[in-house]
Amino acid sequence: MSQHNELKADTSLDETNLRADEAKYCSFGDTVHYVETPPIFARCEGSYMFDAADKPYLDLQMWYSAVNFGYSNPRLNDALKKQVDTLPQTASQYLHPTKIRLAKAIAEDMKCKFSLPGRVHFNVGGAQCIEDSLKIVRNATGGKSLMFAFEGGYHGRTLGASSITSSYRYRRRYGHFGDRAHFIPFPYPFRRPKNMTAEEYGEHCVNEFARLFETEYNGVWDPKGGQAEYAAFYVEPIQGTGGYVVPPKNFFIGLKKVLDRYGILLVVDEIQMGFYRTGKLWSIEHFGVTPDILVFAKALTNGMNPLGGLWAREELINPTIFPPGSTHSTFASNPLGTALGLEVFEMLQETDYEKMVTEKGAYFLEGLRDLQKRHKEIGDVDGLGLALRAEICADDGFTPNKALLDKMVDIGLAGDLDWQGKKVGLILDVGGYYKNVITLAPSLHISTAEIDQGLALLDQALTRAKRT
Ligand SMILES: Cc1ncc(COP(=O)(O)O)c(C=O)c1O
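Rules used in this analysis
- Residues numbered from 1 in each chain as written.
- Predicted model: local features only at pLDDT ≥ 70, side-chain atom pairs only at ≥ 80, totals over all residues.
- Heavy atoms only, no water.
- 1 Å grid on protein atoms, 1.4 Å probe; cavity = no way out; pocket = protein on both sides within 12 Å on 5 of 7 lines; lining within 4 Å.
- Points joined across faces, edges and corners; volume = space filled by probe spheres on them.
- Helix = DSSP H or I, 4+ residues; strand = E, 2+ residues; numbered from the N terminus.
- Nonpolar A, V, L, I, M, F, W, Y, C, P; charged D, E, K, R; others polar.
- Core = buried A, V, L, I, M, F, W, Y, C linked by side-chain atoms within 4.5 Å.
- Buried < 20%, exposed > 50% of the residue type's maximum accessible area, 1.4 Å probe, protein only.
- Domains from an automatic or database assignment.
- Pairing = 2+ DSSP bridges.
- Contact = heavy atoms within 4.5 Å.
- Buried area = accessible area lost by both parts, 1.4 Å probe.
- Salt bridge = Lys/Arg side-chain N within 4 Å of Asp/Glu carboxyl O.
- Polar contact = N/O pair within 3.5 Å; in protein donor to acceptor, adjacent residues only side chain to side chain.
- Phe/Tyr/Trp six-rings, centres within 6.5 Å; stacked < 30°, edge-to-face > 60°.
- Lys NZ or Arg CZ within 6 Å of the ring centre and 35° of its normal.
- Axes fitted to C-alpha atoms, helices over the stretch in contact; angles between N-to-C directions.
- Parallel < 35°, antiparallel > 145°, perpendicular 65-115°, else oblique.
- Left-handed = near helix turned anticlockwise from the far one by under 90°.

Draft legend 1. Expanded view of the layout of surface pockets. Of the volumes computed, that of the second largest pocket is approximately 710 Å³. Those elements that place two or more of their residues in the lining of the second largest pocket are α5 (97-114) and β4 (118-124). Taken together, the residues that form the lining of the second largest pocket break down as 13 nonpolar, eleven polar and three charged.

Structure follows, in structure tokens:
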């Protein structure tokens with residue numbers, strides 16, 4: 001058979017052949033092989049992925065919060081199909097209506113919430129938009145290249161984004177590209193010092209940060225020149241990969257006061273927590289501070305197009321300071337992505353997502369608290385909206401137990417859990433400093449019945465994992 005015919009004939013979902021070909025032809029440099037036998041999925045709908053035998057796997061992480069509005073969301077799928085039939089392609093140096101309308105929707109929302117004029121800039125995916133934000137920060141601060149970021153923070157794996165992501169693991173093999181951020185502790189309420197309330201701990205973390213500016217000898221501030229060596233602080237308001245850690249309410253207010261005092265920009269990364277994951281369009285809205293730059297991606301297109309973007313204050317991004325050609329990608333602001341993004345924004349205006357997500361989140365969290373009462377290995381449960389965490393520990397309820405959670409993940413992916421007499425699977429994401437946190441990001445459209453199913457499957461998976 002010619003190679004052409006072989007490619008055409010090979011449309012089956014013959015798992016044995018596919019796995020052999022994957023082992024031979026696919027790079028293992030992505031994250032697929034984090035689990036021993038990654039499942040091969042054939043289709044998806046709502047809160048579920050389906051394998052070749054059409055067995056459902058309840059997804060409680062929705063592609064790391066990229067698919068907030070459910071798999072194969074009919075309205076968003078239709079918007080994509082409509083755009084395919086009208087203007088599927090345009091070189092990114094030309095204009096098209098949905099790009100302009102989407103930018104306007106985001107900028108007007110920011111103006112309304114934060115009383116600041118600004119502009120929106122698009123690019124392909126989260127890390128690339130982080131790269132663009134680094135350019136804007138460096139450009140607006142006279143080329144300062146040093147950033148603050150948080151321990152436990154994650155901003156992507158391109159070279160620039162890895163330099164402000166706390167894990168050395170992502171940099172170890174590749175040398176440095178630009179300067180590594182100065183990583184500052186993020187208040188982690190479950191593991192706070194015993195003698196402090198969560199708020200006292202938040203205040204303590206702010207004071208420790210402020211201490212860096214006390215004298216020139218602390219290393220980041222020149223009192224004579226009135227200049228900080230650092231240009232911006234990159235924050236995830238709720239840490240995503242870091243384990244869905246929700247900081248105390250007073251923390252960001254205190255932090256922003258320090259940043260304002262020393263002229264340091266606040267860049268908010270909403271790539272994982274944006275689009276109502278936490279019950280607000282942007283998670284920073286819970287914390288009473290105003291960003292200078294806000295970066296978003298993932299659920300902007302419900303995960304159907306790798307479009308991301310950023311909003312920046314007019315002073316940082318106006319055409320004089322950030323002129324044409326400052327960044328470019330062939331696929332930046334591609335019309336399929338911007339049409340989807342616009343439809344997402346229209347959908348958000350028509351439904352009260354704040355109420356819906358807050359209510360569903362409270363119901364899910366209540367169920368997790370109940371589960372915690374029955375399993376002493378669940379050391380902590382917490383969350384904001386439908387960004388929820390369950391921390392898996394040893395039976396002292398505190399010592400991180402990654403091995404037990406790894407077993408739960410494998411059990412879920414094996415598709416052998418029982419639901420009303422049928423075999424089903426469960427898809428979980430693992431996060432946290434000790435990789436012992438179930439970071440739950442279900443579809444924002446998840447039903448109460450599906451939440452109940454999720455809680456029952458978590459119960460089963462944990463019970464089985466403890467037995468093995
Ligand atoms: C908070 C945050 N920032 C940045 C990124 C990087 O986005 P992408 O994977 O689209 O490059 C991610 C991805 O998980 C993220 O969660």
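Now that the structure has been shown, we can carry on.
Draft legend 2. Representation of the nonpolar core in the model. One finds Phe69, Phe148, Phe209, Phe213, Phe275 and Leu458 to be the most contacted residues of the largest nonpolar core, which totals 115 residues. With seven residues, the top contributor of residues to this core is helix α14 (residues 448-467). Both domains that meet at this core, namely domain 1 (3-60 + 352-467) and domain 2 (79-350), each give it at least three residues.

Draft legend 3. Focus on the sheet that holds strand β17 (residues 430-431). In space, the four strands of this open sheet follow the order β13-β14-β18-β17, with antiparallel pairing throughout. Each of the sheet's edge strands pairs with one partner strand only, and the pair in question is β13 (378-384) and β17. Where strand β14 (residues 387-392) meets strand β18 (residues 437-440), four bridges bridge the pair, whose relative direction is antiparallel. Paired with Arg389 across the strands is Thr439, a residue of β18.

Draft legend 4. Quick look at the domain arrangement of the protein. By the assigned domains, the protein splits into domain 1 (3-60 + 352-467) and domain 2 (79-350). Using only C-alpha atoms to locate each centre, domain 1 and domain 2 end up separated by 28 Å. Of the residues lining the interface, 35 residues belong to domain 1; the matching set on domain 2 comes to 29 residues. Around 2,400 Å² of area is buried between domain 1 and domain 2 when both sides are counted, 57% of it from carbon and sulfur atoms. Three residues stand out in domain 1 for area buried against domain 2, namely Tyr353, Leu384 and Tyr433, and they jointly supply 29% of the buried area on that side. Applying the counting criterion to the domain 1 and domain 2 interface returns two salt bridges. Of the charged contacts, one joins Glu354 and Lys280 as a salt bridge, the two residues approaching to 3.1 Å between their closest N and O atoms. Counting across the domain 1 and domain 2 interface gives 13 residue pairs in polar contact (both at pLDDT 80 or more). Of all the secondary-structure elements, those providing two or more residues to the side of domain 1 that touches domain 2 are α12 (353-374), β13, β14 and β18.

Draft legend 5. Representation of the packing of aromatic side chains in the model. By the definition in use, this model includes 27 aromatic pairs. Their ring planes at 65 degrees and their centres at 5.1 Å tell us that Phe251 and Phe252 sit as a pair that is edge-to-face. Like Phe251, the residue Phe252 is buried in the burial classification. Among the aromatic residues, ring-to-ring pairing joins Phe148, Phe150, Phe186, Phe209, Phe213, Trp221, Tyr230, Phe233, Phe251, Phe252, Tyr262 and Phe287 into one connected group. Its end group placed over the ring of Phe50, Arg43 keeps NZ or CZ at 3.9 Å from the ring centre.

Draft legend 6. Molecular detail of the packing of α12 against α14. Two numbers describe how α12 lies on α14: the axes approach to 10 Å, and their chain directions differ by 20 degrees. Considering their axes alone, α12 and α14 lie roughly parallel with respect to each other. Here α12 and α14 pass one another in a crossing that is right-handed. Between α12, through Lys360, Tyr363, Phe364, Gly367, Leu368, Leu371 and Arg374, and α14, the contact on the second element is made entirely by Thr448, Ile451, Asp452, Leu455, Leu458 and Asp459. Residues that form the contact of α12 with α14 fall into these classes: seven nonpolar, two polar and four charged.

Draft legend 7. Here's a closer look at empty space enclosed by the protein. A full pass over the atoms with the stated rule returns one cavity of 30 Å³ or more. Each pocket or cavity is described by its volume, and for the largest cavity that value is around 50 Å³. Contributing to the lining of the largest cavity are Leu368, Leu371, Ile378, Ala390, Ile392, Met408, Ile438, Leu458 and Leu462. For the lining of the largest cavity, the secondary structure elements donating two or more residues are α12, β14 and α14.

Draft legend 8. Representation of the pattern of salt bridges within the structure. All chains considered together, the criterion is met by 24 salt bridges. Residues Glu15 and Arg19 are paired through a salt bridge, measuring 3.0 Å at the closest nitrogen-oxygen approach. One end of the pair is Glu15 and the other is Arg19, both in helix α2 (residues 15-25) and four residues apart, which spans about a single turn. Of the residues examined, Glu15 reaches a relative accessible area of 37% and is grouped as partly exposed. Arg313 is the salt-bridge partner of Glu315, the closest N and O atoms lying 2.5 Å from each other. Overlapping salt bridges, with partners in common, bring together Arg191, Asp380, Arg389 and Glu391 in one network.

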